[in-house]
Amino acid sequence: MKEKKINTISKFLSLVLRHAPETIQLQLDKNGWANVDELIIQSHQFGKEFDFGLLEEVVETNDKKRFTFNVDLTKIRANQGHSIDVELNLKESEPKDFLYHGTVEKFIDSIKKEGLQKMSRQYVHLSKDKETAIKVGSRRGEPIVLKINAPKMFLDGYKFYLSENNVWLIDEVPATYIDFGS
Ligand code: HQG
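The sections below set out a description of the structure shown in this document. (Residues numbered from 1 in each chain as written. Predicted model: local features only at pLDDT ≥ 70, side-chain atom pairs only at ≥ 80, totals over all residues. Heavy atoms only, no water.)

## Here we look at the overall build of the protein chain
Part 1: Secondary structure summary: the protein chain contains six helices and 12 strands in total.
Part 2: A compact globule built from 182 residues should have a C-alpha radius of gyration of about 16 Å, and the protein chain, at 18 Å, falls within 12% of that.
Part 3: Taken over the C-alpha atoms alone, the protein chain extends approximately 50 × 30 × 25 Å along its principal axes.
Part 4: Burial status across the protein chain gives 44% buried among its 182 residues.
Part 5: Counting only contacts in the protein chain whose residues sit at least 6 apart along the sequence, the fraction spanning at least 24 positions is 69%.
Part 6: For the protein chain, the exposed surface amounts to about 10,700 Å²; the carbon and sulfur share of it is 49%.
Part 7: The protein chain carries 27 positive and 28 negative side-chain charges, and their two centres are separated by 4 Å. (Helix = DSSP H or I, 4+ residues; strand = E, 2+ residues; numbered from the N terminus. Rg over C-alpha atoms; globule rule 2.2 N^0.38 Å. Buried < 20%, exposed > 50% of the residue type's maximum accessible area, 1.4 Å probe, protein only. Contact = heavy atoms within 4.5 Å. Areas by Shrake-Rupley, 256 points an atom, 1.4 Å probe, with all protein chains shown as cover. Lys, Arg positive; Asp, Glu negative; His and termini not counted. Charge placed at Lys NZ, Arg CZ, Asp CG, Glu CD.)

Okay, here's the thing in structure tokens:
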């Protein structure tokens, strides 16, 4: 089924463009861009076959717009979610409303103590809607949605970045700004 193939490629792209390009001996530049031809050839050598047309379809149909081409379609990168050190030149933005983070019960005690930390990624990831946070939390079990007082954090001097695909990114969220619910 094509949908399934597109999903598999999307997951594979997340792996090589965010976390482990060395899996296919791919070089990303300092801004996280991979050469499209190299990506296609080296993925093929690794047993993941897709042509440029299919890659375009993955990028265009992706539910979260996880990937972006450069203007002449010779390079591709992930918009957010990296664990490897890349400079995305993200836009600093002002959050006008609460933001949300989806997690699970087993992390709550630690989050109450340390706040939200980036763990293995470059940033803590927040969303503007609860639904997204529920989905993110659900990847690990029964989701718990934390409500973040982002406007107050911004007033207090914390820097927020908005990725190309509208994910809010921040270095950390101290526990005082988090509403844990009841
Ligand atoms: C938790 C996906 C203990 C945190 C999603 C999370 C997202 C703590 C886990 C993006 C903690 C890290 C990122 C603390 C945070 N003590 N646990 N102090 N602080 N945590 O995968 O936010 O679909 O690195 O709650 O949509 O789950 O792949 O982060 O459970 O936007 O495009 O530590 O990844 O994007 O997990 O997910 P992750 P995340 P994609």
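Having seen the model, we can carry on.
## Some words on the pattern of salt bridges
Part 1: Scanning all chains against the criterion turns up five salt bridges.
Part 2: Note that Lys 96 is salt-bridged to Glu 94, the shortest N-O span being 3.4 Å.
Part 3: For the salt bridge of Asp 156 with Lys 152, the shortest nitrogen-to-oxygen distance reads 3.0 Å.
Part 4: Look at Asp 156 and you get partly exposed, because its relative accessible area is 40%. (Salt bridge = Lys/Arg side-chain N within 4 Å of Asp/Glu carboxyl O.)

## Side note on the sheet that holds strand 12 (residues 178-179)
Part 1: Taken together, the three strands give an open sheet; going across it, the order is 5-8-12, and neighbouring strands pair in antiparallel fashion. Two strands in the sheet have a free side with no partner beyond their single neighbour: strand 5 (99-104) and strand 12.
Part 2: With two bridges connecting them, strand 8 (residues 143-148) and strand 12 associate as antiparallel partners. Looking at the pairing, Lys 147 lines up with Asp 179 of strand 12. (Pairing = 2+ DSSP bridges.)

## Structural notes on helix 3 (residues 52-61)
Part 1: Listed as buried for helix 3 are Leu 54, Leu 55, Val 58 and Val 59. Taken around the axis of helix 3, the buried residues stretch over an arc of 140°, which confines them to a single face. (Arc of directions from axis to C-beta.)

## Here's the deal with the side chain of Ser 127
Part 1: Structurally, Ser 127 can be placed in the loop between strand 7 (124-126) and helix 5 (130-138).
Part 2: A distance of 2.9 Å separates a polar atom in the side chain of Ser 127 from the backbone oxygen of Asp 129.
Part 3: Beyond its immediate chain neighbours, meaning those up to four positions away, Ser 127 contacts Leu 99, Tyr 100, Thr 132 and Ala 133. (Polar contact = N/O pair within 3.5 Å; in protein donor to acceptor, adjacent residues only side chain to side chain.)

## Looking at the site of the ligand
Part 1: Neighbouring the ligand are 19 residues; Arg 18, Lys 64, Ser 110, Arg 139 and Arg 140 lie closest to it.
Part 2: At 2.8 Å from an oxygen atom of the ligand is found a side-chain nitrogen or oxygen belonging to Arg 66.
Part 3: Protein contacts shield 90% of the accessible area of the ligand, which totals 780 Å² for the unbound molecule.
Part 4: For the shell around the ligand, the secondary structure elements donating two or more residues are strand 5, helix 4 (108-114) and strand 6 (116-117).
Part 5: Among the elements that make up the shell around the ligand, the one with the highest residue count is helix 4 (three residues). (Near = heavy atom within 4 Å.)

## Looking at the packing of aromatic side chains
Part 1: Counted according to the given criterion, the structure contains five aromatic pairs.
Part 2: When the centroid spacing of 5.6 Å and the interplanar angle of 75° are considered together, the rings of Tyr 158 and Tyr 177 count as edge-to-face. In this pair, Tyr 158 sits in the loop between helix 6 (150-155) and strand 9 (161-162) while Tyr 177 sits in the loop between strand 11 (172-173) and strand 12, placing the two residues 19 residues apart along the sequence.
Part 3: Look at Tyr 158 and you get partly exposed, because its relative accessible area is 25%.
Part 4: The class for Tyr 177 is buried, based on a relative accessible area of 12%.
Part 5: It is Lys 112 that lies over the ring of Phe 180; its NZ or CZ is 5.4 Å from the centre.
Part 6: Sitting above the plane of the Phe 98 ring, Lys 147 keeps its charged end 4.3 Å from the centroid. (Phe/Tyr/Trp six-rings, centres within 6.5 Å; stacked < 30°, edge-to-face > 60°. Lys NZ or Arg CZ within 6 Å of the ring centre and 35° of its normal.)

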